[in-house]
Amino acid sequence: MVLQSVRALLLASAVVAVPVIAQEAAPQAVDTAVVEEIVVTAQRKAERLQDVPIAVTAFTTDTLRRNDVRDLGRLEVLTPGFSFGRSGSDARPAIRGVRTENVAVSGDPTIGFFVDNVYRSRASMANEPFTDVARVEVQRGPQGTLYGRNTFGGNIAVSTATPTDELSGGVNLIYGSFDRISGEGFVNVPVAKGVGLRIAGLRETMDGYVKGTTRDLDIFNRDTTYLRGTLKLEPASGIEAVLRYSYWRDKGTGAGAFGYRVGGVFVNPTTNAFDINGQPRALLYDLPRTGLPGLTGTPISSNPHFYPGDTRLEQDLEQHSVSLNVQAELGNVVLRSITGYVDYNVFRNADNDFSLRAGNVDGQEDKLTAFSQEIQLASNDKGSRFDWLVGYFFFKEDVSASFFSSCPTAARNTAGCAFAAGLPVTTSHAVFGQASYYLIEDKLRFTGGIRYTSDSKDISRANATTDVNQRLVTITPTGQQFTLDFDKVTWRANLDYKISSNNMIYASVSTGFRSGGFNAGFFTNPLLPGGFGPENVTAYEVGSKNRFADGKVQLNLSAYRNEFSDLQVQNQFLVQGASGVTTASVILNAARAHSMGIEAELQWVPAEGLNIAMSGTLMEAKYDRYANVPAPANYTGLLDYTGNEIPYSPSWKLTALVSYDFDLGSSGKITPQATLVWSDGFQLTDTNTALDRQNSFAKLDLRIGWRSADDRFSVEGFVNNVTNQITLQRATFGSRGLNQSFDAPRMFGIRVGARF
């Protein structure tokens, strides 16, 4: 299949190249109705998107605004090969068969998330709101050379707006479904020559769309505050320093830990006992952890947006971040320094029995500080056939993580009610380099890169207590401690050929890895595995990037195959503890898997004001060898997942966007827009059961906006998920059945904006 994909891709490249060459022979008058050019930094330098031999989807400020993209979640509507799930405060992105499963402090993200070149080390950090953002890039496939550790499946890189030399500002106000009220704005001040200041902020509240038994138990609400200040200094020609500080606070009722409802269990129809190969059965919530399921209690609700628990869920997230990006041009070389510091704290809880029974509350609080420093030295001779970059990366993260489970309501402030899941300290060093050389000037280019990464994880355990608000009070080290060390060489080799100035084909081979980690349950139960090793990927890709019809059409194609080994996968075990039976989440290394597919992105401007964008993904992602897997909690035996689909990997995904600007002259313009996404069905757990499968679906977004002729004022009405298609966003096996969480229902709103 891969060879067939390659042949088809090269044929398509040749077909689209012919009219370009012909048109270059007879240049015509400049036409403003063209596809917008976007500059990206996927190779750690500014380049035209169409010149980068990597599969990248990039979004500008206008695209994000016109699609109500407030954070990472809605990017899946516009990006091929990208899916998104969420559980509680944790983001779970997936790219090309690589998904985010382990979100605890014991592991690292599978998809790299960067804000202004600074690495964010926790999955919940990827929910940071997109406020005054200049560009977002989704870089598909492992980025193990220039970005390094834990960019196993790809990167999401956010670039915020920097100060300009003009006094300007703007504000956007939104009112929408579930009493959504949002205010976002920025002000840009040129303080003096070579000194600029930009301040941006967001305040948003919204009622929860998942309903509880009483209003105060509704979940998935919003209570977000975000503020960022950016200072830009240019003390001399060729020298630039950008200092940023941001504050982010998310509060509210939260969204549970791994789901807010039980979707059901599997039972043997003869014995009525738990049986993973049995029949799916609706569950009665208040069931014993062992024995016959569904005999007593409250019947499960058929409403996917209903939370049946008695615990008022809470999320409390606070982040302070500081970054300093310095660049100095020193003749034919450029020196860059990227410094980042993050102080982060998040608390979330869950109702462990999903019922009105008191007690059985789970909670987790993670506190961390992270510091990173990167130094780059790169060539700066734009006329040379040789281009290079070398660098060093340092990262240190210090985490304090507490977890409590099944605490009686009246005893949440008693000693022993909580325990620290671990106090890991991660230190990472890396050296890297990449060079490109034109074998045929301005035509054929070879690029090679290599990176050496060394990770050390020191893990210690402590007992802890919580107060009546379930918050961490004391941490007492137990003396239990061990260290895990990992190192890896990753590399990339790429060949690209420019058929013309607007057409390129490329082929690449690259590798990536995700560092290993520890299982906290080992501290209290030595029968559980103490640690797990790194997972590795080798990725093969061919692609083509094209602009033709005088820039009215842009077509990018890619075909890939990823070969995974030692994948880190999450398993659930029942563990007997002092306060009863709890569920232990354990990470194990699976054997082997693969994903392969074809992706296409088309942008077309057939006439002034008319914009059409389409993308398509064909993908296969399966486990090649994955046997002797412990059955999920409540079930017995060892299972064989060989041949199972990798979760969050639909075989087909199609997107389409159409908009048209009706020019009203001095009265401005009116722009209607329709966005459609269609996805084939996919699984949400490795077990591949009927209860964790999301069937194929389509979602439609509609919006219509008016903008004044001087672009100073705008009004927009929008409806997201017009057909109210409710999709399963997260599923995982727990002690009481299959936990589920569903995506948002239909939402509508109006946005009013002004700029000066």
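The rules behind the values
- Residues numbered from 1 in each chain as written.
- Predicted model: local features only at pLDDT ≥ 70, side-chain atom pairs only at ≥ 80, totals over all residues.
- Heavy atoms only, no water.
- Helix = DSSP H or I, 4+ residues; strand = E, 2+ residues; numbered from the N terminus.
- Buried < 20%, exposed > 50% of the residue type's maximum accessible area, 1.4 Å probe, protein only.
- Contact = heavy atoms within 4.5 Å.
- Areas by Shrake-Rupley, 256 points an atom, 1.4 Å probe, with all protein chains shown as cover.
- Pairing = 2+ DSSP bridges.
- Axes fitted to C-alpha atoms, helices over the stretch in contact; angles between N-to-C directions.
- Salt bridge = Lys/Arg side-chain N within 4 Å of Asp/Glu carboxyl O.
- Patch = residues over 30% accessible without salt bridge, like charges linked within 9 Å, V, L, I, M, F, W, Y side chains within 5 Å.
- Phe/Tyr/Trp six-rings, centres within 6.5 Å; stacked < 30°, edge-to-face > 60°.
- pLDDT = per-residue confidence, 0-100.
- Polar contact = N/O pair within 3.5 Å; in protein donor to acceptor, adjacent residues only side chain to side chain.
- Core = buried A, V, L, I, M, F, W, Y, C linked by side-chain atoms within 4.5 Å.

1. Here's the deal with the overall build of the chain
No. 1: Along the backbone of the chain there are two helices and 47 strands.
No. 2: Per-residue burial over the chain gives 57% buried out of 756 residues.
No. 3: Intrachain contacts of the chain at a sequence separation of at least 6 include 66% that bridge at least 24 residues.
No. 4: Total accessible area computed for the chain in this model is approximately 29000 Å², and 58% of it derives from carbon and sulfur atoms.

2. Here's the deal with unusual backbone geometry
No. 1: Phi at phenylalanine 178 is positive, roughly 55°, even though this residue is not glycine.
No. 2: Its place among the elements puts phenylalanine 178 in the loop between β11 (168-176) and β12 (180-192).
No. 3: Since its relative accessible area comes to 24%, phenylalanine 178 is described here as partly exposed.
No. 4: The residue aspartate 179 is not glycine, and still its phi comes out positive at about 55°.
No. 5: Relative to the helices and strands, aspartate 179 is located in the loop between β11 and β12.

3. Focus: the pairing of strand β21 (residues 361-379)
No. 1: Burial of β21 is extensive: 14 of the 19 residues sit out of reach of the surface.
No. 2: Note that strand β20 (residues 333-351) and β21 share 19 bridges and pair antiparallel. Bridging from a neighbouring strand, tyrosine 341 pairs with phenylalanine 371 of β21.

4. Regarding the sheet that holds strand β3 (residues 56-60)
No. 1: Pairing is mixed across the open sheet formed by five strands, whose spatial order is β3-β9-β10-β7-β8. Each end of this open sheet is capped by a strand with a single partner; those strands are β3 and β8 (118-120). Neighbour-to-neighbour, the strand axes of the sheet open up by a mean angle of 20°, direction not taken into account.
No. 2: Here strand β9 (residues 133-140) runs beside strand β10 (residues 154-160); their pairing, made up of seven bridges, is antiparallel. Bridged to arginine 135 within β10 is serine 159.

5. Re the sheet that holds strand β46 (residues 737-742)
No. 1: With antiparallel pairing, the three strands of this open sheet are ordered in space as β16-β46-β45. Each edge of the open sheet carries a strand with a single partner, namely β16 (261-262) and β45 (728-734).
No. 2: Pairing of β45 with β46, which is carried by six bridges, proceeds in the antiparallel orientation. Within β46, the position partnered with threonine 732 by the bridge is asparagine 739.

6. Quick look at the pattern of salt bridges
No. 1: All chains considered together, the criterion is met by 38 salt bridges.
No. 2: Residues aspartate 51 and arginine 48 are paired through a salt bridge, measuring 2.8 Å at the closest nitrogen-oxygen approach.
No. 3: Given the relative accessible area of 25%, arginine 48 is considered partly exposed.
No. 4: Residue arginine 198 pairs with aspartate 132 through a salt bridge whose shortest N-O separation is 2.7 Å. Within this pair, whereas arginine 198 is found in strand β13 (residues 195-206), its partner aspartate 132 is found in the loop between β8 and β9, the two being separated by 66 residues in sequence.
No. 5: Its relative accessible area of 15% is what places aspartate 132 among the buried residues.

7. Digging into a nonpolar patch on the surface
No. 1: On the surface, a cluster of nonpolar side chains totalling about 900 Å² of accessible area is made up of Leu330, Leu335, Ile375, Leu377, Val390, Tyr392, Val431, Ile450, Tyr452, Val489 and Trp491.
No. 2: Put simply, the parts of the chain that give the nonpolar patch at least two residues each are β21, β22 (386-407), β25 (444-466) and β26 (472-500).
No. 3: Take tyrosine 392: it is sitting in strand β22.
No. 4: Since its relative accessible area comes to 31%, tyrosine 392 is described here as partly exposed.

8. Brief notes about the packing of aromatic side chains
No. 1: In the structure shown here, the tally under the stated rule is 14 aromatic pairs.
No. 2: Aromatic pair tyrosine 660 and phenylalanine 662: ring centres 4.6 Å apart, planes at 80°, arrangement edge-to-face.
No. 3: With a relative accessible area of 31%, tyrosine 660 lands in the partly exposed category.
No. 4: Members of the aromatic cluster, joined through ring pairs, are Phe114, Tyr119, Tyr147 and Phe395.

9. Remarks on the confidence of the model for the chain
No. 1: Per-residue confidence for the chain gives a mean pLDDT of 86; residues scoring 70 or more make up 87%.
No. 2: Note on residues 1-30: pLDDT is under 50 here. Beyond four places in sequence and across chains, it has 38 contacts.
No. 3: Confidence drops under pLDDT 50 across residues 286-291; counting only partners more than four residues distant or on other chains, this segment forms 20 contacts.

10. Comments concerning the side chain of serine 708
No. 1: Take serine 708: it is sitting in the loop between β43 (697-707) and β44 (713-720).
No. 2: In terms of polar contacts, serine 708 uses its side chain to reach the backbone amide nitrogen of arginine 712, at 3.1 Å.

11. A few points about the nonpolar core
No. 1: In terms of nonpolar packing, the biggest core is built from 67 residues, with Leu75, Val136, Phe564 and Tyr635 touching the most fellow members.
No. 2: Judged by nonpolar contacts, the second largest core, of 23 residues, contains Leu146, Tyr147, Trp248 and Leu389.

12. Some thoughts on the side chain of threonine 727
No. 1: You can see threonine 727 is positioned in the loop between β44 and β45.
No. 2: Looking at threonine 727, its side chain comes within polar contact range of the side chain of lysine 699, at 3.0 Å.
No. 3: With sequence-adjacent residues up to four places away left out, threonine 727 is seen in contact with Gln694, Phe697, Lys699, Phe742 and Asp743.

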